[in-house]
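Residue-level structural notes
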Amino acid sequence: MTDAEKELAQVKKDEAAMRSQMSTNSATLPGLNLPTTQELLNNLEKFKKGFVNYLQIKLDTDKEELKLWDCSNISASELSGKIPNDEPRYHLFNYNHSFEGENMWRVVFIYSCPGYNVPVKQR
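So, how was this worked out
- Residues numbered from 1 in each chain as written.
- Predicted model: local features only at pLDDT ≥ 70, side-chain atom pairs only at ≥ 80, totals over all residues.
- Heavy atoms only, no water.
- Helix = DSSP H or I, 4+ residues; strand = E, 2+ residues; numbered from the N terminus.
- Buried < 20%, exposed > 50% of the residue type's maximum accessible area, 1.4 Å probe, protein only.
- Contact = heavy atoms within 4.5 Å.
- Expected span 1.5 Å × (residues − 1).
- Arc of directions from axis to C-beta.
- Salt bridge = Lys/Arg side-chain N within 4 Å of Asp/Glu carboxyl O.
- Pairing = 2+ DSSP bridges.

Along the backbone of the chain there are two helices and four strands. Each helix (α) and strand (β) of the chain, taken in turn from the N terminus, gives the series α-α-β-β-β-β. The 123 residues of the chain split such that 25% are buried. Partitioning the intrachain contacts of the chain with sequence separation of at least 6 by distance along the chain shows that 44% fall at a separation of at least 24.

Okay, structure coming up:
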């Protein structure tokens, strides 16, 4: 092998190593990629179609999966009563309201966490 061929081989080897590192360490959380229960997936469909307007999702730290905790139809005034004070949760709420005479809805995402009295893994 000539010196140029050796240098080219080393460059290719270094590039491959860098690509490997980038694919595993490049971003902190580019997207949440956790397993979800089938029950949660089914109820997400109901939520998207408007059959329910509220979902509460829990991260099961033992199984490392997202699971449905609550699925219901509630009013905006009931939302604060759904937030637990002992564990973090994800909430999806379809907020139906009127603005300047026009009926509209918005999906509201809420992450609730009771503070530092829960383990770091749950936060």
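Continuing now.
Okay, helix α2 (residues 38-49) next. With twelve residues, α2 should cover 16 Å at 1.5 Å per step; its first-to-last C-alpha distance of 17 Å lies within 8% of that length. Taken residue by residue, α2 has Leu-40, Asn-43 and Phe-47 as its buried positions. For α2, the angular spread of the buried residues around the axis is 70°, confining them to a single face. In α2, those exposed residues whose orientation departs by more than 90 degrees from the buried face are Gln-38, Lys-48 and Lys-49.

To continue, consider unusual backbone geometry. Positive phi, close to 55°, is recorded for Glu-64, a residue that is not glycine. Position of Glu-64 among the secondary structure elements: in the loop between β1 (54-60) and β2 (65-72). Residue classification places Glu-64 among the partly exposed positions, given a relative accessible area of 45%. In this model, Glu-100 sits at a positive phi of 50°, which is unusual for a non-glycine residue. For Glu-100, the position within the fold is in the loop between β3 (89-99) and β4 (102-112). On the accessibility criterion, Glu-100 (74% relative accessible area) is exposed.

Counted according to the given criterion, the structure contains five salt bridges. Note that Glu-87 is salt-bridged to Lys-58, the shortest N-O span being 3.2 Å. In this pair, Glu-87 sits in the loop between β2 and β3 while Lys-58 sits in strand β1, placing the two residues 29 residues apart along the sequence. Comparing Glu-87 with Lys-58, the two get one shared label, buried. Salt bridges here are not isolated pairs; linked through shared partners, they connect Lys-58, Glu-87 and Arg-89.

Next up on the list: the pairing of β3. As judged from the four bridges shared by β1 and β3, these two strands associate in the antiparallel manner. Across the sheet, Ile-57 pairs through a bridge with Tyr-90, a residue of β3. With eleven bridges connecting them, β3 and β4 associate as antiparallel partners. Counted as the bridge partner of His-91 is Ile-110 from β4. Between the antiparallel neighbours β3 and β4 lie two residues, among them Glu-100 with a positive phi of about 50°.

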